[in-house]
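# Remarks on the overall topology
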Amino acid sequence: MKNVVVIGMQWGDEGKGKVVDLIAPHFDIVARYQGGHNAGHTVIINGERHVLHLVPSGIMHEGKMCVIGNGVVVDPLELLKEIKEIEARGVKVDGRLLVSSRAHLIWPYHRALEKANEEHRGENKVGTTLRGIGPCYEDKSARRGIRAGDLLYPELLRDKLSANIADANTLLKAKGASVLDAVSVSESVVEQANQIAPMVADTAVYLNAQIKAGKNILFEGAQGTMLDVDHGTYPFVTSSNGTSGGAATGTGVPPNHITDVLGIMKAYTTRVGSGPFPTELFDATGELLRERGHEYGASTGRPRRCGWFDAVVGRYAVAINGVTTIAVMKMDVLDTLAELKICTAYRYKGVDLTEIPHDASILEMVEPVYETFPGWQSSTVGITSYEELPEKARAYLDRLSELVGCQIDLISTGPDRVETIIRDGSRLKQWMQN
Ligand code: GDP
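Reference entry: report on the structure contained in this document. For clarity, every value in this text was computed on a predicted model and none was experimentally measured.

### Concerning the pattern of salt bridges
In this structure the tally under the stated criterion is 19 salt bridges. The partner of Arg 144 in a salt bridge is Asp 139, and the shortest N-O contact between them spans 2.7 Å. Note on Arg 144: relative accessible area 37%, which makes it partly exposed. The exposure class of Asp 139 is buried, given its relative accessible area of 7%. In this structure, a network of salt bridges that share partners links the residues Asp 13, Lys 266, Glu 295, Arg 304 and Lys 330.

### A few points about the sheet that holds strand S2 (residues 29-32)
Strand order in the open sheet made by the 10 strands is S9-S7-S5-S2-S10-S1-S11-S15-S19-S20, with mixed pairing throughout. Edge positions in the sheet fall to strand S9 (200-201) and strand S20 (420-422), since each has one partner strand and no second. In this sheet, strand S11 (residues 260-266) lies alongside strand S1 (residues 3-8) in parallel orientation, the contact comprising five bridges. Counterpart to Gly 8 in the pairing with S11 is Ile 264. The strands that helix H7 (residues 203-212) touches are S1, S2, strand S5 (65-68), strand S7 (97-100), S9 and strand S10 (217-220); relative to S5, the one it contacts most, it runs at about 140°.

### Concerning the site of the ligand
Close to the ligand lie 20 residues, the nearest being Gly 15, Gly 17, Lys 330, Asp 332 and Ser 412. Note that an oxygen atom of the ligand is positioned 2.8 Å from one of the backbone N or O atoms of Gly 15. At 3.0 Å, a side-chain N or O of Arg 304 approaches an oxygen atom of the ligand. Computed on the free molecule, the ligand has an accessible area of 580 Å², of which 93% lies beneath the protein chains in the complex. Contributions of two or more residues to the shell around the ligand are made by helix H1 (16-23) and strand S3 (41-45). Classifying every residue of the shell around the ligand gives five nonpolar, eight polar and seven charged.

### Describing empty space enclosed by the protein
In this structure the tally under the stated criterion is one cavity of 30 Å³ or more. The computed volume of the largest cavity comes to approximately 30 Å³. Listed by contribution, the elements that provide at least two residues to the lining of the largest cavity are helix H2 (76-88) and helix H3 (108-121). Within the lining of the largest cavity, the residues separate by chemical class into six nonpolar, no polar and two charged. Split by domain, the lining of the largest cavity shows at least three residues from each of two domains, domain 1 (3-100 + 202-433) and domain 2 (104-198).

### Section: the pairing of S7
Residues Leu 97 and Val 99 line one face of S7 and the alternating positions Leu 98 and Ser 100 line the opposite face, and both faces are buried. Where S5 meets S7, three bridges bridge the pair, whose relative direction is parallel. Within the sheet, the bridge partner assigned to Val 67 lies in S7 and is Leu 98. By the bridge criterion, two bridges tie S7 to S9 in an arrangement that is parallel. In the sheet register, Ser 100 faces S9, and the bridge partner there is Ala 201.

### Structural notes on the nonpolar core
In this structure, Phe 219, Ile 326, Met 331, Leu 334, Tyr 396 and Leu 397 are the most contacted members of the largest nonpolar core, which totals 53 residues. The greatest single-element share of this core, amounting to six residues, is contributed by helix H12 (residues 391-404). Residues in contact with Ile 326, not counting those within four places in the same chain, are Met 9, Leu 262, Gly 263, Met 265, Val 318, Val 404, Cys 406, Gln 407, Ile 408, Asp 409 and Leu 410. Counting residues in hydrophobic clusters, the runner-up holds 39 residues, among them Val 43, Ile 83, Leu 97 and Ala 116.

### With respect to the packing of aromatic side chains
Scanning the model with the defined rule gives three aromatic pairs in all. Arranged with centres 5.4 Å apart and planes meeting at 45°, the rings of Trp 11 and Phe 277 form a pair that is tilted. Taken as a pair, Trp 11 in the loop between S1 and H1 and Phe 277 in the loop between strand S12 (269-271) and helix H9 (284-292) lie far apart in primary sequence, 266 residues in all. Of the two residues examined, Trp 11 and Phe 277, each falls in the buried class. Ring geometry for Phe 373 and Tyr 396: centres 5.9 Å apart, planes at 85°, overall edge-to-face. Of the two residues, Phe 373 sits in strand S18 (residues 367-374) while Tyr 396 sits in helix H12, which places them 23 residues apart along the sequence. Under the relative-accessibility criterion, Phe 373 is labelled buried at 13%. Looking at Tyr 396, the relative accessible area reads 1%, which means it is buried. Feature note: the residues Phe 373, Trp 376 and Tyr 396 constitute an aromatic cluster, connected by ring pairs.

### A look at the layout of surface pockets
Any empty space left between the atoms is revealed when a probe the size of a water molecule rolls over them. Space inside the second largest pocket adds up to approximately 270 Å³. Taken together, Leu 80, Ile 83, Lys 84, Glu 87, Val 93, Asp 94, Gly 95, Leu 97, Leu 98, Gln 195, Pro 198 and Met 199 make up the lining of the second largest pocket. Where the lining of the second largest pocket is concerned, the elements lending two or more residues are H2 and S7. Partitioning the lining of the second largest pocket into residue classes produces seven nonpolar, two polar and three charged.

### Considering unusual backbone geometry
Residues other than glycine predominantly adopt negative phi, and peptide bonds predominantly adopt the trans conformation. The omega torsion across Tyr 234 and Pro 235 is 5°, close enough to zero to call that bond cis. Secondary-structure assignment places Pro 235 in the loop between S10 and helix H8 (245-249). Although it is not a glycine, Arg 143 adopts a positive phi angle of roughly 60°. Summarising the element assignment, Arg 143 is placed in the loop between helix H4 (133-141) and helix H5 (154-174). On the basis of relative accessibility, which here comes to 77%, the residue Arg 143 falls in the exposed class. The residue Gln 223 is not glycine, and still its phi comes out positive at about 55°.

Thresholds, definitions, all that
Residues numbered from 1 in each chain as written. Predicted model: local features only at pLDDT ≥ 70, side-chain atom pairs only at ≥ 80, totals over all residues. Heavy atoms only, no water. Salt bridge = Lys/Arg side-chain N within 4 Å of Asp/Glu carboxyl O. Buried < 20%, exposed > 50% of the residue type's maximum accessible area, 1.4 Å probe, protein only. Pairing = 2+ DSSP bridges. Helix = DSSP H or I, 4+ residues; strand = E, 2+ residues; numbered from the N terminus. Contact = heavy atoms within 4.5 Å. Axes fitted to C-alpha atoms, helices over the stretch in contact; angles between N-to-C directions. Near = heavy atom within 4 Å. Polar contact = N/O pair within 3.5 Å; in protein donor to acceptor, adjacent residues only side chain to side chain. Areas by Shrake-Rupley, 256 points an atom, 1.4 Å probe, with all protein chains shown as cover. Nonpolar A, V, L, I, M, F, W, Y, C, P; charged D, E, K, R; others polar. 1 Å grid on protein atoms, 1.4 Å probe; cavity = no way out; pocket = protein on both sides within 12 Å on 5 of 7 lines; lining within 4 Å. Points joined across faces, edges and corners; volume = space filled by probe spheres on them. Domains from an automatic or database assignment. Core = buried A, V, L, I, M, F, W, Y, C linked by side-chain atoms within 4.5 Å. Phe/Tyr/Trp six-rings, centres within 6.5 Å; stacked < 30°, edge-to-face > 60°.

Shape is all these values report; function is a separate question.
Below, the structure written as structure tokens:
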């Protein structure tokens, strides 16, 4: 049995797309378990850039099945658009993608509500992507959500939709926003949404049956540990559990069938949107990381905030997710720096904290405590063997591994699939050999 969860150890955008794409050939099924089309996975194949938002990256590999699990929220129109784009690149999607009947659907009123809420919050806005994802999860928790399986029952669907639109309109009116026309939502949107009906299935039953039949599953997390609704920098988080536990609840595959957790982290740190970020750099080094790392959102184009590697976050992510092996991404971005820093603790009111305070406003006030390292100042771009890395780069990686408490099996030295080091004798290499 080989069922692996891939998670982001920081604030998302760690480069999960590249890693999933790289290891997908060694699995039979790739499943998404949370989030929505706010995730933007970039995969570069033969120099061509593909950005996937909702469909698991496994779709780029012939013969692999892809599953959108019950924990994902699906905007049917966005899913259809993405499928069209993928097919336009000559990749067959038909018959290879299943959507859980229990996955909640995003409707136009979710987007309208999110926009009205963020505008209402003014300076305190969360910095969400305004795609209706948060309000859709709110409806799920409030037990009034509409799920993909409901598409199979048009009469019921129409009733649920008109009740939800009426409720949404009351809220929109109260916030001074314009209301939605129930008829046009029910008719035009439902008509299009119905095109996903043939993909709808009980994916939990499917996945468990496949495991029984000896198939291997790769679970693809979106966002990152620090954006997890429970374990992240609440309230500056996403609305779902991107940590490894979410893979069980978000697909219906029990935890004891998950065999490994692959944690992805950048060799430095980035975050998008608002919220605390202790190691953020506001100087030329921050700008250099942004430019060299092309740190602009794959989905939104927003510039990402950049800073030094935070080992407090890394250690926490290893613990929360049960990370068994790590991939360090974007090592090459650090190539030109004369000096590097790693944050090992947070100083708050004269005391060094080695764990993350639960309160975002405290985390906002901490001062990072750094260890300083000499830079290697030579190119690592495209290096494929650990031994070829400059000695100072290896020393930096060794310290990262030691501080976060887990082995590093993969080092990424460029955006392309081939620009990757996979260490000999590692767990990761073993998965890739059988
Ligand atoms: P994800 O959401 O975690 O998959 O991350 P994104 O796809 O948003 O961001 C990762 C970005 O970094 C993409 O543009 C990748 O092509 C790029 N990338 C991934 N690994 C490397 C690397 O090792 N070096 C460089 N320079 N770019 C990388």
